[in-house]
Amino acid sequence: MLVEKATASLIALEKVGKAYEQPSGQPVVILEPMDLCLKPGEIVALLGPSGSGKSTLMRIIAGLIPPSQGQVMYHGQPLVGLNPGVAIVFQSFALYPWLTVLENVELGLKAKGEPLGPRREKALKMIDVIGLDGFENAYPKELSGGMRQRVGFARALAVEPELLCMDEPFSALDVLTAENLRFELLDLWLERRIPTRAILIVTHGIEEALTLADRVIVLGRNPGRIRADFPVTLPHYRDRKSSDFQSLVDQVYKILTNPEAPAEPPTLAASNTTSVATPATPAPAKYQSLPGVRIGSIAGLLELLEDRQGDLYRLAQELLMEVDDMLPLVEAAQMMDLVNLREGDITLTRIGLEFSASGIDERKRIIRQQLLEHIRLVQQIYRLLQAKRHQRVSEELILDLLEGHFTPKEAYRQFKTAVDWGRYAELYGYDEPAGEVFLEAAPTLETPVVT
Amino acid sequence: MTRPLTPGNRAPERTAWTWQDLLLVLAIVALVLLIVRTANQFHGHYDPHFTISTDISVLPSYTAQTLLRMILGYILSLVFSLVYSYTAYRSKMAARFMLPLLDILQSIPVLSFLPGVTLALISLFPGQRLGVEMAAIVLIFTGMAWNMAFSFYQSLCGIPQELIEASRVYRLNAWERFWSLELPAGAIGLVWNSVMSWAGGWFFLMAIEAFTLGNQSFQLPGLGSFLAVAAAHGNFPAIYWGVSVLIGVVVITDLLVWRPLIAWVEKFKFESVETQSAPQSWVLDLVRRSPTLRVIQERVFQPLQEAFDQRLNRTFAVRTAPRELPSPQNLGQWFEWIFSSGVTIIILWGVWEAALMLRQLSPTVWLSVLLGACFTALRVFTSLILSLLITVPIGVGIGRNPRLAQVLQPIVQVVASVPATALFPILLLALIHLGGGLQVGSIALMILGTMWYVLFNVIAGAQAIPAELFEAALVYKLTRRQRWQTLILPGIFPYLVTGMITAVGGAWNASIVSEYVTFNGQVITTPGLGSIISEASAAGNFRLLLAATVVMSLLVVITNRLVWRPMYHLAQEKYRQLI
């Protein structure tokens, strides 16, 4: 079985993980070691919230980033350097603004050393396939977002990659354009008009993943790890209104909203599921990670929940929100014990009810109380401030504290969130130019300037 | 919006002092020693067989020779900038010492290079004009290169990550990556800084084409020497003619070369939306629409380019093989350690040598150098304040009025590139009549030479303030004073700081030509660091030259670190627009 799998796979990851060491010697894990294999003929979606390392994983597969442990096998051979069979479609398109559409599409072919004739022919053909006719001599800045991403697709497909990697390719486009492009891509794939043998799409949209993919890999965050890996056997051009589709969406939602529970791969009554084993990772004691949302948005969520408690997924759908927008809000509200989440159903707690019934001052009091009770970072900052003589603490001190647990970038984000929450609750203030947190009650020499 | 005409003088992230900063100070001393000591090694002879004519009929040939010198100096600067910045960009280790070095080089005035460069090249080509010519070109280079190199380096560092990844995924080889990603990314910065460098080249031309060193006088036929000689003899018709030709050349170069280039280079913007008021040039339009040129382009250049690319593709074949094998880290660290300690030792040795040389200077000389530094600093400061008083109201006026901006901006840019030094004799004459003399004159020259940087930035800053903020000021009935205090000054502050950094740097440099002038048959000086450097250079007093240059260079670098960088950070963090 194992041997068979290895030969059939296009790309196989063997215990691949990514971690790096802080200057202080503290290791920070981006991706836990994982096994994964991509087979020809499938569209695989990497689905996960931000910070789950899905882009990193894609870049490891493409050979842009070397893994810090384990090995990537390409056609059974260990991969060193760039993966020769991969092309990438980027989220921001990554077109060269000074090259025309044709020159951008030709770029990869030219680098391969194709002579002018065949190169131009191939590029024009791909421009034709992707629906860019007539725009060959246009510069990217003259095109709309959707047309730009078409150039991105044409450039990637022109080099005839075995594996087409896409890094949230539709997330910079408006809803309608994205939908249109998604189905055109699916058309090309299903009608075998492109030579690509497999597609890997990184996304944070559950519906997008389930619409396109034959197999969905759900990643969890902090650190990034595989939480579920399951096939989607619904026939293509899937009906999003169908109960099968909806039930899949619900189950994925459940996995994503329950970050700590071991995930059961979603099953479908109508399909025969061959679930791949999920690495059951014993969760180590972790530092609480604050989702980067504003209290104002949490308040908005609670207001909405007041009269429509129930299924989280429907709520998100009603609000036209993606997982990535919704989940952090729910997570934050959960941390502060304002909502209950059970089996994908969301309800207000007693405190949550109290919150949504109160006026602004009362709300601030509730948040203050909940922060000091449940949010470790806010507690720490508050205590530090009380201990200091001038009741001011420099941000470096807090960041040092955080960098034991997070990457510097993430640590900064955590800090900013804590500042925002604490400010709302009037626990402490933040002097941005000086980079100091100070106790709200203390008289300050300099009022923070709001620009 | 028009891009501010500044060197990419963007300050690095950190502002705190470390031991490396001390090393930087020592490095300044060592480097200046190296430059000045070069002069000590050579004792070439050079007999000028010709005298500079101030006859109007020589102007065409003199102008051509000057232009040739400038172009060669420019090409040298361009090549240097590309190579230097690219090396620093690709190798982190190299960047660690190359960038501070650039910082120091930028602070050393052109005239301090003069004796070393000239004497070295003359002794290489004894008795020939070639040596002096090459010296002139190298000196022009020292006035042009640094800001271009900085700008290109910063452009390289600012390339979006995804574009780099795309170039890797699509396996561009080193040449293609440079040609289709890195060079285009730096093009805008390079062109704008070229315009500045070119103007800077004109500024010191008179000092470069005609100078005395020890008891020898060196003169090269050219527009600069024509003007210098005419000024020295007080030959006013010749001065007027020379200045007119100079202004003509400046305007024509601007029209035929820089305007089209600036308009063309817009193509290389990262911005993904089309800007409304992109720079225009009718010359460029003419070239782009010409059928003849299109045919030539298609028949000649494209096939050539194609063949060239193919050849290169074959030479630098794409490496599918591993490139980033994790090299044993210890080795790298060792290498780095050895390297940086090597650099440190060289620096320390240089400092020791310099100390030996400087010890022979008497305390009175030191006192005069320090006093001169105070005088010049005062002058630089005064000229900055006056520049601000003049340019801020004018700049805001132009910036807030789009129609005025459209008309005035190109004119201002041309006027700015007319070298103030050429106008200096005329200015001095007027001042002598009014009874101000060089005291006032040197400040006036500094202002004339540097206020443009402030003006351009103020215009750009005023244009960048969103119209809504002005509307809000109107709605809430802010008084004129309140409007300046709460809206205009904070709004232009980041731009103002950038402009001031450039202006002050320029003013220090300008002190050298403004405090020491040969005019109407006599040498006029006014006490200051600039005149000390000029005199020391002319007299061949290398010890004094070393001392004065080190002091000036230190002053510039240290004020950059202690005053301008923190200010720049403040501007970036607190006063950045919210959009």
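Visitor: Give a detailed account of the overall build of chain A, specifying residues and quantitative values.
Guide: For chain A, the helix and strand inventory stands at 16 helices and 16 strands. In chain A, which comprises 451 residues, the proportion classed as buried is 52%. In chain A, the share of contacts with a sequence separation of at least 24, taken over all contacts with a separation of at least 6, comes to 68%. Per element, the accessible surface of chain A, about 19800 Å² overall, is 53% carbon and sulfur.

Visitor: Before we move on, can you summarise the overall build of chain B with the specific residues and values?
Guide: Along its length, chain B carries 21 helices and four strands. When the 579 residues of chain B are sorted by exposure, 52% land in the buried category. Of the contacts made within chain B by residues no fewer than 6 positions apart, 80% connect residues no fewer than 24 positions apart. With the model as given, the accessible surface of chain B reaches about 27400 Å², and the carbon-plus-sulfur share is 67%.

Visitor: Got a sec to walk through the side chain of N83(A)? Specific residues and values, please.
Guide: Note on placement: N83(A) falls in the loop between strand 5 (77-78) and strand 6 (86-89). Taking the relative accessible area as the measure of exposure, N83(A) reaches 2% and is therefore buried. Here the side chain of N83(A) touches G85(A) through a polar contact of 3.1 Å, landing on its backbone nitrogen. Excluding anything up to four places from it in sequence, N83(A) contacts I11(A), I61(A), A62(A), G63(A), Y74(A) and R171(B).

Visitor: Lay out the interface of chain B and chain A with the relevant residues and their values.
Guide: Facing 33 residues of chain B, the contacting portion of chain A comprises 39 residues. A salt bridge links R59(A) to E162(B), with the nearest nitrogen and oxygen atoms 3.7 Å apart. Across the contact surface, chain B and chain A share seven residue pairs in polar contact (both at pLDDT 80 or more). Elements with a minimum of two residues in the side of chain B that touches chain A: helix 6 (161-169), helix 7 (174-203) and helix 12 (291-315) of chain B. Of the residues forming the side of chain B that touches chain A, the biggest block, seven residues, is contributed by helix 6 of chain B. A per-class count over the side of chain B that touches chain A returns 14 nonpolar, six polar and 13 charged.

Visitor: Just give me the short version of the environment of I194(A), but keep the residues and values in it.
Guide: Residue and element names in this part refer to chain A. Positionally, I194 belongs in the loop between helix 6 (175-190) and strand 8 (198-203). Sequence spacing of I194 and L157 is 37 residues, and the spatial spacing of their C-alpha atoms is 7.2 Å. If we skip the residues at most four places from it in the chain, I194 touches L157, L188 and W189.

Visitor: I'd like to hear about the sheet that holds strand 15 (residues 428-431) of chain A, residue by residue, with values.
Guide: All names here are of chain A. The strand order 14-16-15 describes an open sheet built from three strands, whose pairing is antiparallel. Of all strands in the sheet, those bounded by a partner on one side alone are strand 14 (392-394) and strand 15. Neighbour to neighbour, the strand axes of the sheet diverge by 25° on average, direction disregarded. Strand direction decides the pairing type here: strand 14 and strand 16 (residues 436-439), joined by three bridges, are antiparallel. If you follow V393 over to strand 16, its bridge partner there is V437.

Visitor: I'd like to hear about the packing of aromatic side chains, residue by residue, with values.
Guide: For the structure on display, the rule yields 24 aromatic pairs over all chains. Judged by centre distance (6.4 Å) and plane angle (25°), the ring pair of F183(A) and Y237(A) falls under stacked. Taken as a pair, F183(A) in helix 6 and Y237(A) in the loop between strand 10 (225-231) and helix 8 (243-257) lie far apart in primary sequence, 54 residues in all. By relative accessible area, which is 25% here, F183(A) ends up partly exposed. A relative accessible area of 43% means that Y237(A) is categorised as partly exposed. Among the aromatic residues, ring-to-ring pairing joins F80(B), Y84(B), F113(B), F141(B) and W146(B) into one connected group.

Visitor: Residue-level account of unusual backbone geometry, with values.
Guide: All names here are of chain A. Phi at A94 takes a positive value of approximately 55°, unusual for a residue other than glycine. For A94, the position within the fold is in the loop between strand 6 and helix 3 (101-111). Not every positive phi belongs to a glycine, and D337 is a case in point at roughly 60°. Mapped onto the fold, D337 is located in the loop between helix 11 (323-335) and strand 12 (339-342). Judged by its relative accessible area of 30%, D337 falls in the partly exposed class.

Visitor: So what's going on with the confidence of the model for chain A? Which residues, and what values?
Guide: All names here are of chain A. Summing up the model confidence of chain A, the mean pLDDT is 84 and the portion of residues at 70 or higher is 88%. Contacts from residues 1-6, a stretch scored under 50 in pLDDT, to residues over four places away or in other chains number one contact. Counting interchain partners and residues more than four positions distant, the pLDDT-below-50 stretch residues 442-451 has 10 contacts.

Visitor: So what about the nonpolar core? Which residues, and what values?
Guide: If you look at the biggest cluster of nonpolar residues, it comprises 310 residues, and the most contacted ones within it are L163(A), L210(A), V216(A) and I298(A). Look past the residues within four positions of V216(A) in its chain and what remains in contact with it is A45(A), L47(A), A209(A), L210(A), A228(A), D229(A), F230(A) and V232(A).

Visitor: Quick one: what's the story with the sheet that holds strand 1 (residues 11-21) of chain A, residue by residue and with numbers?
Guide: Residue and element names in this part refer to chain A. With antiparallel pairing, four strands are arranged side by side in an open sheet as 2-1-4-5. Both edges of this open sheet fall to strand 2 (27-38) and strand 5, since each of them pairs with a single strand only. As judged from the five bridges shared by strand 1 and strand 4 (residues 69-74), these two strands associate in the antiparallel manner. The partner of G17 across the bridge, within strand 4, is Q69. Sheet strands touched by helix 2 (residues 54-62): strand 1, strand 2 and strand 4. Its angle to strand 2, the strand with the most contacts, is close to 60°.

Visitor: Outline the side chain of S537(B), listing residues and values.
Guide: In this fold, S537(B) is placed in helix 20 (residues 529-539). The buried category is assigned to S537(B), whose relative accessible area is 4%.

Visitor: Can you break down the pairing of strand 1 of chain A residue by residue, with the values?
Guide: Looking at chain direction, strand 1 of chain A and strand 2 of chain A are connected through eight bridges and run antiparallel. Within strand 2 of chain A, the position partnered with I11(A) by the bridge is L38(A).

Visitor: With reference to specific residues and values, describe the environment of E209(B).
Guide: All names here are of chain B. Mapping E209 onto the fold places it in helix 8 (residues 205-209). The class for E209 is buried, based on a relative accessible area of 1%. Taking the C-alpha atoms as reference points, E209 and S225, separated by 16 residues in sequence, lie 5.1 Å from one another. Leaving out residues up to four positions away in the same chain, E209 has contacts with T66, R69, F218, Q219, L220, G222, L223, G224 and S225.

Visitor: Provide a residue-level description of helix 5 (residues 145-158) of chain A, including the pertinent values.
Guide: All names here are of chain A. With 14 residues, helix 5 should cover 20 Å at 1.5 Å per step; its first-to-last C-alpha distance of 20 Å lies within 8% of that length. Within helix 5, 13 of the 14 residues are buried, which leaves the element mostly enclosed by the surrounding structure. The first or second residue beyond helix 5 is E160, which carries a positive phi of 50°.

Visitor: Outline the pairing of strand 6 of chain A, supporting the account with residue identities and numerical values.
Guide: Residue and element names in this part refer to chain A. Of the two faces of strand 6, the one lined by V86 and I88 and the one lined by A87 and V89 are each fully buried. Note that strand 6 and strand 7 (residues 163-167) share four bridges and pair parallel. Bridge pairing in strand 7 places V89 opposite M166.

Visitor: Before we move on, can you summarise the packing of helix 3 of chain A against helix 5 of chain A with the specific residues and values?
Guide: Residues and elements named next belong to chain A. In the contact formed by helix 3 and helix 5, the axes pass within 7 Å of each other and the chain directions differ by 30°. As summarised for this structure, helix 3 and helix 5 are arranged roughly parallel, according to the angle between their axes. As helix 3 packs across helix 5, the resulting crossing turns out to be right-handed. Across the interface between the two elements, V101, N104, V105, L107 and L109 from helix 3 touch V151, A154, R155 and A158 from helix 5. In the contact of helix 3 with helix 5, the residues fall into seven nonpolar, one polar and one charged.

Cut-offs used in this document
Residues numbered from 1 in each chain as written. Chains lettered and ligands numbered in written order. Predicted model: local features only at pLDDT ≥ 70, side-chain atom pairs only at ≥ 80, totals over all residues. Heavy atoms only, no water. Helix = DSSP H or I, 4+ residues; strand = E, 2+ residues; numbered from the N terminus. Buried < 20%, exposed > 50% of the residue type's maximum accessible area, 1.4 Å probe, protein only. Contact = heavy atoms within 4.5 Å. Areas by Shrake-Rupley, 256 points an atom, 1.4 Å probe, with all protein chains shown as cover. Polar contact = N/O pair within 3.5 Å; in protein donor to acceptor, adjacent residues only side chain to side chain. Salt bridge = Lys/Arg side-chain N within 4 Å of Asp/Glu carboxyl O. Nonpolar A, V, L, I, M, F, W, Y, C, P; charged D, E, K, R; others polar. Pairing = 2+ DSSP bridges. Axes fitted to C-alpha atoms, helices over the stretch in contact; angles between N-to-C directions. Phe/Tyr/Trp six-rings, centres within 6.5 Å; stacked < 30°, edge-to-face > 60°. pLDDT = per-residue confidence, 0-100. Core = buried A, V, L, I, M, F, W, Y, C linked by side-chain atoms within 4.5 Å. Expected span 1.5 Å × (residues − 1). Parallel < 35°, antiparallel > 145°, perpendicular 65-115°, else oblique. Left-handed = near helix turned anticlockwise from the far one by under 90°.

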